[in-house]
Amino acid sequence: MSRPVDPALVRRSVDLALENVEAGGKPFACLVVDAATGEVLHEATNQVSRTGDVTAHAEIVAIRELAVAGRRDLTGCDVYVTAYPCPMCLGALYYAAPERVVHAATREQEGEHYEDGGRYMTLATFYDEYARAPSARALPAEQGAAEDPVAPFREWTRRHG
Ligand SMILES: Nc1nc2[nH]cnc2c(=O)[nH]1
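Residue numbering note: each chain is counted from 1, following its sequence as written. Since the coordinates come from a predicted model, pLDDT governs what is reported: local features require at least 70, and pairs of side-chain atoms require 80 or more to be given and counted, while whole-chain, interface and lining totals use all residues. Excluded from the side-chain calculation are hydrogens and water; included are all heavy atoms of the structure.

As named in an unreviewed UniProt entry, the chain is Guanine deaminase, taken from Nocardioides aquaticus.

Moving on to the side chain of Thr 45. Strands are runs of DSSP state E lasting at least two residues, helices are runs of H or I lasting at least four, and both sets are numbered from the N terminus onward. Mapped onto the fold, Thr 45 is located in strand β2 (residues 40-45). Since its relative accessible area comes to 15%, Thr 45 is described here as buried. Counted as a polar contact is a pair of N or O atoms within 3.5 Å, where, for protein atoms, one must be capable of donating a hydrogen and the other of accepting one, and residues adjacent in sequence contribute only when both atoms are in side chains. A distance of 3.3 Å separates the side chain of Thr 45 from the side chain of Asn 20, its partner in a polar contact. There is a polar contact of 2.7 Å between the side chain of Thr 45 and the side chain of Gln 47. Beyond its immediate sequence surroundings of up to four residues, Thr 45 is in contact with Leu 16, Asn 20, Phe 28, Ala 29, Arg 50, Ala 56, Ala 58 and Val 61. Each residue is placed in one exposure class: buried if its accessible area under a 1.4 Å probe, protein chains only, is under 20% of its type's maximum, exposed if it is over 50%, and partly exposed if it falls in between. Whether two residues touch is decided by their heavy atoms; if any such pair falls within 4.5 Å, the residues are in contact.

What follows covers the packing of helix α3 (residues 58-68) against helix α4 (residues 87-96). Running from N to C, α3 and α4 point in directions that differ by 30°, and their axes come no closer than 9 Å. Compared by their axis directions, α3 and α4 come out roughly parallel. For the pair α3 and α4, the crossing hand works out as left-handed. Residue-level contacts link Glu 59, Ile 60 and Ile 63 of α3 to Met 88, Cys 89, Ala 92, Leu 93 and Ala 96 of α4. Each residue is assigned to one of three groups, with Ala, Val, Leu, Ile, Met, Phe, Trp, Tyr, Cys and Pro labelled nonpolar, Asp, Glu, Lys and Arg labelled charged, and all others, Gly among them, labelled polar. Considered class by class, the residues forming the contact of α3 with α4 number 7 nonpolar, no polar and 1 charged. For helices, the axis comes from a line fit to the C-alpha atoms of the stretch in contact; other axes are also lines fit to C-alpha atoms, and the angle between any two N-to-C directions lies between 0 and 180 degrees. Here roughly perpendicular refers to angles of 65 to 115 degrees, roughly parallel to angles under 35, roughly antiparallel to angles over 145, and oblique to all remaining angles. Each helix crossing is assigned a hand: it is left-handed if the near helix lies turned anticlockwise from the far helix by less than a right angle, otherwise right-handed if that turn is clockwise.

Another aspect to go through is the sheet that holds strand β4 (residues 100-105). Strand pairing is assigned whenever DSSP identifies at least 2 bridges connecting the two strands. Reading across the sheet, the 4 strands line up as β2-β1-β3-β4 and stay open at both edges, with mixed pairing between neighbours. The two strands at the open ends of the sheet, each matched to only one other strand, are β2 and β4. Neighbouring strand axes in the sheet, compared pairwise and without regard to direction, differ in orientation by 15° on average. The pairing of strand β1 (residues 29-34) with β2 spans 5 bridges and is classified as antiparallel. Within β2, the position partnered with Cys 30 by the bridge is Ala 44. Against the sheet, helix α1 (residues 7-22) contacts β1, β2, β3 (77-83) and β4, and its axis sits at roughly 145° relative to β1.

If charged atoms from side chains of opposite charge come close, those side chains can pair. The working definition used for a salt bridge is a side-chain nitrogen of Lys or Arg within 4 Å of a carboxyl oxygen of Asp or Glu. According to the stated counting rule, one finds 9 salt bridges in the structure shown. Notably, a salt bridge pairs Arg 12 with Glu 43, separated by 2.7 Å at the nearest N-O pair. Taken together, the residues Arg 12 in helix α1 and Glu 43 in strand β2 connect sequence positions 31 residues apart. Residue class for Arg 12 comes out partly exposed when judged on its relative accessible area of 28%. Among the residues examined, Glu 43 registers a relative accessible area of 31% and is labelled partly exposed. Linking Arg 159 and Glu 155 is a salt bridge whose minimum nitrogen-to-oxygen distance equals 2.7 Å. Of this pair, Arg 159 and Glu 155 both sit in helix α7 (residues 151-160), 4 residues apart, roughly one helical turn. One salt-bridge network, held together by shared partners, links Arg 12, Glu 19 and Glu 43.

Right under this line is the structure:
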C-alpha cells in the first residue's frame, strides 16, 4: 500500500532536475521511494547529455542503478518523477512494476517550456506515434524471412516452462 503523495518528494524531483540543468544536463529527475515507509531508496537524473546515451532518461537510470545494487524490480516502491514519463520510461516502469508513479509536471506543462525528441517524433507526438498501427508509423518496420524465427522463444519455454 502506498502512502499519501509526499509534497516534499514531489518538490525534490523538481529541485533535483533543476540542479541537473544547472550542471549541464536535461531537466528530469527520478526518486525511488519505499511505498510503505516513504524512505528515499534512490535518486537519479537524466544522463543523456553527459553520456551520449539516448536511453539514459532519469527513470531508466534509476532502474538500472538499482538493478546493479541488487534490486531486480520496483515492487513495493513509489516512483516520483519531474514530469509524466515518456513512452520509453513508461514501458520500463511497467517492466519494473512499482506501486505507483507520482509526477510533478504533466506532459502538457513540460511541452509548454521544453522540446525534446529526435528524428521520428517530438516528445509531444511520441504517444501519437505509438497509437498508430505499426505500418503507419514514421519508423518503418518489416518482417524479414528466417527459417525458424521462433526457435529462441520455443527453446526458452522448453527450458523455463
Ligand atoms: N520523464 C522523463 N521524460 C523525459 N523526456 C526526455 N528525457 C526524459 C526523462 O529523463 N524523464
